[in-house]
Amino acid sequence: MHAAQASHAGRPGRWHQAGGQLLLAALVGLLCLLLWSQRAQWPLLQRLDRLLLDAQLQLRGPLQPQAPITLVAVDDRSLQALGRIVPDRAQLAQALAPIAQARPRALALDTLLLAPAADPADDEALAAAMTQVGTVLLPFALPAELEAGEQAVEPDEAVLRSAFTRYAGDAAQLFQACTLRQPLPLLARAAAALGHVSVQRGVDGAVPFDLPVLAYEGELYPSLALRLAGASRGLDWAQARAQLGEAVLWQDLTLPLDALSRQWINYYGPAGRFEQISFIDLLEGRVPPERLHDRILLLGSTALGAGDAFPSPFDGGLPGVERLATAVDNLLSQRVLRHPPLAALMEMGLMLGLPLLVGLSLARLGLWRAYALQAVLLLALALALQWGLARHHVLDLGLPLLSLVLASLGAIFIRGLSEQARRRQALQALRESEQRYALAARGANDGLWDWDLVHGSVHFSPRCLALLGLAADEAQGIDTLGKPLAPAAREGLQAAIEAHLQGRSLQLHQVLQFEQGGQQRWLLLKGAAIREPRGGRALRMAGSLSDISEQQRLQQQLSHDALHDRLSGLPNRTAFRTQLAQMMSLAPGRRELGLLMLGLDEFRSFNEVHGPLAGDEVLRQLARRLREAEVMARAQGQGLLLARLSGDEFGLGFSGPLEPGGGAPGGWPVWALQQLAAPFEIGATPVSMGGDTPALPVQQVQLQACVGWAHQAQGPGEVDELLAAAESALARAKSQGPGHLHAFDAAEQLVEHSRRWMREQIERALQEGGQFQLHYQPFIRLSDRRLLGFEALLRWQHPERGLIMPGDFIPVAEASGQIAAIGRWTLLEAAAQLQRWAAQGFQGEIAVNVSGVQLEREDELLRDARDTLAALGAVPARQLKLEVTESMAMANPTRSAELLRQLSVMGFKLSIDDFGTGYSSLAYLHRFPFDTLKVDRSFVMRLAAGLEAQEIVRTIVGLALALGKQTLAEGVEDEAQAELLARLGVQVGQGWLFAKALPEAQATAWLARA
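Quick caveat: nothing in here was measured; it's all calculated off a predicted structure.

About the criteria used
Residues numbered from 1 in each chain as written. Predicted model: local features only at pLDDT ≥ 70, side-chain atom pairs only at ≥ 80, totals over all residues. Heavy atoms only, no water. Helix = DSSP H or I, 4+ residues; strand = E, 2+ residues; numbered from the N terminus. Rg over C-alpha atoms; globule rule 2.2 N^0.38 Å. Buried < 20%, exposed > 50% of the residue type's maximum accessible area, 1.4 Å probe, protein only. Contact = heavy atoms within 4.5 Å. Areas by Shrake-Rupley, 256 points an atom, 1.4 Å probe, with all protein chains shown as cover. Lys, Arg positive; Asp, Glu negative; His and termini not counted. Charge placed at Lys NZ, Arg CZ, Asp CG, Glu CD. Salt bridge = Lys/Arg side-chain N within 4 Å of Asp/Glu carboxyl O. Axes fitted to C-alpha atoms, helices over the stretch in contact; angles between N-to-C directions. Parallel < 35°, antiparallel > 145°, perpendicular 65-115°, else oblique. Left-handed = near helix turned anticlockwise from the far one by under 90°. Nonpolar A, V, L, I, M, F, W, Y, C, P; charged D, E, K, R; others polar. Pairing = 2+ DSSP bridges. Expected span 1.5 Å × (residues − 1). Phe/Tyr/Trp six-rings, centres within 6.5 Å; stacked < 30°, edge-to-face > 60°. Core = buried A, V, L, I, M, F, W, Y, C linked by side-chain atoms within 4.5 Å.

A.B. asks: Before we move on, can you summarise the overall build of the chain with the specific residues and values?
C.D. replies: Across its full length, the chain carries 34 helices and 37 strands. At 43 Å, the chain has a C-alpha radius of gyration far larger than the 30 Å of a compact globule built from 1010 residues. Taking all 1010 residues of the chain together, the buried fraction comes to 45%. Within the chain, residue pairs in contact and separated by at least 24 positions form 71% of the contacts whose partners lie at least 6 positions apart. Of the roughly 49,800 Å² of accessible surface on the chain, 55% is carried by carbon and sulfur atoms. For the chain, the distance from the average position of its 90 positive side-chain charges to the average position of its 104 negative side-chain charges is 5 Å.

A.B. asks: Describe in detail the pattern of salt bridges, supporting the description with residues and values.
C.D. replies: Inspection of every chain in the model, using the stated rule, returns 41 salt bridges. Salt-bridge contacts for E1000 lead to R836; the nearest nitrogen and oxygen are separated by 3.1 Å. Here E1000, found in helix α34 (residues 1000-1009), pairs with R836, found in helix α25 (residues 819-838); they are 164 residues apart in sequence, far enough to count as distant. Looking at E1000, the relative accessible area reads 33%, which means it is partly exposed. Of the charged contacts in the structure, one is a salt bridge between K934 and E883, with a shortest N-O distance of 3.2 Å. Within this pair, whereas K934 is found in strand β35 (residues 932-935), its partner E883 is found in strand β33 (residues 880-885), the two being separated by 51 residues in sequence. Since its relative accessible area comes to 1%, K934 is described here as buried. Residues joined in a network through salt bridges with shared partners are R77, D281, E284 and R286.

A.B. asks: Could you give an account of the packing of helix α8 (residues 224-233) against helix α10 (residues 320-333), naming the residues involved and the relevant values?
C.D. replies: Two elements in contact, α8 and α10, have axes separated by 9 Å at closest approach and are oriented at 50 degrees. For the element pair α8 / α10, the angle class is oblique. Considering the relative orientation of α8 and α10, their crossing is right-handed. From α8, L224, A225, L226, L228, A229, S232 and R233 reach across to α10, where they touch L324, A327, V328, L331 and L332. Among the residues making up the contact of α8 with α10, the classes are represented as ten nonpolar, one polar and one charged.

A.B. asks: Kindly report on unusual backbone geometry, identifying the contributing residues and their values.
C.D. replies: Positive phi, normally seen in glycine, also occurs at S261, with a value near 60 degrees. Within the secondary structure layout, S261 lies in the loop between β11 (253-256) and β12 (263-264). The buried category is assigned to S261, whose relative accessible area is 1%.

A.B. asks: Lay out the sheet that holds strand β23 (residues 640-646) with the relevant residues and their values.
C.D. replies: Read from one edge to the other, the open sheet built from five strands follows the order β23-β24-β22-β27-β28, with strand pairing classed as mixed. The strands lining the two open edges of the sheet, one partner per strand, are β23 and β28 (741-743). Strand-to-strand twist in this sheet, taken as the mean axis angle between neighbours without regard to direction, amounts to 20 degrees. Bridge count between strand β27 (residues 705-711) and β28: three bridges; the pairing is parallel. Among the inter-strand pairings, V707 is bridged to a residue of β28, identified as L741. Contacts between helix α20 (residues 612-636) and the sheet are confined to β22 (593-600), β23 and β24 (649-655), with β23 contributing the most and set at about 160 degrees to the helix. Its contacts with the sheet put helix α22 (residues 719-735) on β22, β24, β27 and β28, and the angle it makes with β27 is roughly 145 degrees.

A.B. asks: Got a sec to walk through the environment of L465? Specific residues and values, please.
C.D. replies: For L465, the location among the structural elements is in helix α15 (residues 462-468). Look at L465 and you get buried, because its relative accessible area is 8%. Between the C-alpha atoms of L465 and W449, which are 16 residues apart in sequence, the distance is 9.4 Å. Each residue touching L465, except ones within four places of it in the same chain, is listed here: F460, L470, A471, A472, A475 and T480.

A.B. asks: Residue-level account of the sheet that holds strand β20 (residues 519-531), with values.
C.D. replies: Reading across from one edge, β18-β17-β21-β20-β19 is the order of the five strands in this open sheet, with antiparallel pairing throughout. Strand pairing shows two members of the sheet lacking a second neighbour, β18 (457-460) and β19 (508-516), which therefore form its edges. With strand direction ignored, the average angle separating the axes of adjacent strands in the sheet is 20 degrees. As defined by bridge partners, β19 adjoins β20 across nine bridges and the pair is classed as antiparallel. In the strand pairing of β20, L512 is matched with L523. Its contacts with the sheet place helix α16 (residues 487-501) against β17 (447-452), β19, β20 and β21 (538-547), and it is angled at close to 165 degrees to β19. In the packing of helix α17 (residues 549-563) onto the sheet, contacts are made with β20 and β21, and the angle to β20 comes to roughly 125 degrees.

A.B. asks: Could you give me a rundown of α16, with the residues and numbers involved?
C.D. replies: The terminal C-alpha atoms of α16 lie 21 Å apart, and with 15 residues this matches the ideal 21 Å at 1.5 Å per residue to within 8%. When we look at burial in α16, the residues that qualify are L493, A496, I497, A499, H500 and L501. In the core, the buried residues of α16 are packed alongside β17, β19, β20 and β21. Positive backbone phi, approximately 85 degrees, marks G503, located one or two places after α16.

A.B. asks: Describe the packing of aromatic side chains, naming the residues involved and giving the relevant values.
C.D. replies: Counted under the stated rule, the structure contains 17 aromatic pairs. Ring centres 5.5 Å apart and planes at 40 degrees place the aromatic pair F772 and W796 in the tilted group. You can see F772 sitting in strand β29 (residues 772-781) and its partner W796 sitting in strand β30 (residues 786-798), a full 24 residues away along the chain. You'll find F772 and W796 in the same group, each marked buried. Summarising the aromatic geometry, the rings of W796 and F809 are spaced 5.2 Å apart at their centres and angled 80 degrees between planes, so their arrangement reads as edge-to-face.

A.B. asks: Please provide a residue-by-residue account of the environment of P893, values included.
C.D. replies: By the element assignment, P893 lies in helix α29 (residues 893-905). It is 55 Å that separates the C-alpha atoms of P893 and L580, two residues lying 313 residues apart in sequence.

A.B. asks: Kindly report on the nonpolar core, identifying the contributing residues and their values.
C.D. replies: Counting residues in each nonpolar core, the largest one holds 75 residues, and the members touching the most others are F790, I846, L903, V953 and L981. Looking at this core, the element that brings in the most residues is α25, giving seven residues. Look past the residues within four positions of F790 in its chain and what remains in contact with it is Y776, Q777, P778, F779, W837, F842, E845, I846, A847, A1003, W1006 and L1007. In this structure, L96, L113, V136 and L389 belong to the second largest nonpolar core, which totals 53 residues.

A.B. asks: Let's hear about the pairing of β29: which residues, and what values?
C.D. replies: Within a regular beta strand, the side chains point alternately toward one face of the sheet and then the other, so they alternate between its two faces. Of all ten residues in β29, eight are buried, a share of seventy percent or more. Both β29 and β30 contribute to a ladder of ten bridges, which runs antiparallel. Of the residues in β30, the one forming a bridge with Q777 is E791. Relative to strand β37 (residues 988-990), β29 runs antiparallel, the two sharing two bridges. Within β37, the position partnered with R781 by the bridge is V988.

As structure tokens, then:
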């Protein structure tokens, strides 16, 4: 009956509480609606909206720009080189010259060119350079406030031409400028278009929006971002129309505007999202034209000291030129942020609905259930907002969320008032409990003991006895401290106490270790004695007893972790090496220790696809499988070591002599590979899931691994040598593909050492210079035996090994990529030789071989070709012939044809070497701009063997004649071959019949006699 009365009595209170919360929610909603209607006058409210939008952008993450925009940045390096933040007019004119040659889509200068230069010629030079570039845009400023002494000015004709000619709407709602800061008239007339760069900063200095339309003196002026976007598409400015408060319509370009005709900027991420080139690199000619061709260029400052930086959602200082680039990319990629239709109704609905929801949930549900419901709804709202942001739609949610917070605080306050009496009682009980706990905590942290040596009495605190595991009646004298200890430890404690009493230590400091309740415990005993002023006899000794068991266990765990892998529990590389050394020392001189290394194949790709947690699970399962080897080894009475050496590599050490066929003892390498035969299971299991959450299905994945193994009997004698041999064998196995096994081979290691030595020596020769040489073999016209030129053949005069032939080092250089640097040296040396022989009247040609690596690195080859042209000086480029083998040219015929065409345009002659040995397609051959076909020496050698080789040569000659090209036969060694080749129509010969490859001095003398 009392319960029923209490229930009925509680219902009016609950309804009163619900009514109060709903009334408060309504008041909060109305208050926020009032603030919402006046938010334009409250910068802090606007800042709240911006903070939420910033959070949305950060949650979305960075985006990649889509428009072909490149920033020409006056960066810190340029600032240091120029000595000024803004380049002067002469430097700008000089920088525009390579831009004009590259033919960009458009160029905008993000710097105000207001005052004339000190030298009027510099302004004229800049204007001429702008005219040469073509589509150059200049900024002007429309500040909202006048500086001291500044007045409004009349716009120049060029500025007036940039104003909107067509617009609709109320211009009074636009931001009104107070004055105009316009560029120098000479430069303004040279510009293709003008646009303003004025912005409106928020209270935090950020620029959340651009101003595509600004009013001044009755005219509406566009932003530089808008004009640059249109210029990049070649749009006609006369067709632009501004629908104020709605959009700017400019042919196929549409810019949505908010109610105040602003463009909300969709920031892409921290500084550096756009491609950048340094202004000083452009000024000094280090920027290739292709990086500027058909690009939208923005020239501005990104240096730290420039002062032109704005906070953005992703960093505290986004350079102004990158902000401008973001606005342009927003326009061109149609990623401008905008309010969706009915945005105002949505915001008002949230301001009224969220407080009512809070009030109802807190009044009708339990506190945590109400919070959970609100959290779910907020999460759904956040997901909806992010979904809208992905479609470039945003809402101003500062006031709706403020209404939610205020309603939540008010509802909690009302709920608290209704429970005030019960809470007061609970607080009183809690206060008394806290006092008791504080009093107990002060005395229970450490145990205390006090030994009166004069009277022989000892006092132990209850905590001290509890730490020792003793009852009060068991405490008898100072020996009580040693009761839990083993006899040896007890004697050590007594000796330490006696040493302190005798003055041989400043403080008693002893760790007591014993077993209690089946666990190891460690107690730290500290104490100090009080002594007589005279004589130093100890009168009293007191101290503390602290439980350091957890610290000791942690220290043991750290020591274990230092030598073990925490994921698999196996020893790590350090421990494995130590164990191998111990295992080796147990059988000195027997050389029966072996080692295998197992490495998973494509494990990084597996982690990228399935995630690191799945990768960890695979490693744990593999470790458990490999541990079976320890059980098998113990059963066979063998020693075996197992470790995880690195991320996806495991090591297994075993002992025993090699099998008769050279196989590993016990077949451990094969056994290790077999552990990958069964698939691995990844994914959640029902045991690991809680509640009603459905379990994720277990997924089976199949992985492969490679195994490399080595044995002492194969040569490695020390632990490090054995590890290196196994790693080398594993690398060999991986080079053969997934799932391979490879045994260490000392001969392979010697070959690898030889290649490594060769690579190091090539690098040294390139750095030091003076080792590589060119020898020259003559080209002879067969009809009259006249000298036409030479082929430059590379030789290496090593300081220790003497002459090294190309067949020994060229393959290594091609495999390592060093052939590109060697090829560059060869081109420049051949150009220098042509200059030296030009003084003797030589007008023939030098042919230089180009490697396949150089063809693949076409940008480097073109750069080297340009440097070679510069090195040739007055010598015509046609005297330098570049030879490309037929197989290299056909490896990628389309790209090769374009690359050879560019080299031919530079003036170089081209030759197809070893023709007839590849598989040229006539469909591609005629597209190669070659001058000479070189008949391979294999056909020349077989000329006397029959008609087959002669017919092949005759066919090649006919093909060359049909294409209007020269033919050259290499490998001509006797007069009969020369005469037969001449009859077959070959024009030029090369070979030992005429001369071998000659050093420079002999070739120069040969030239003088020719």
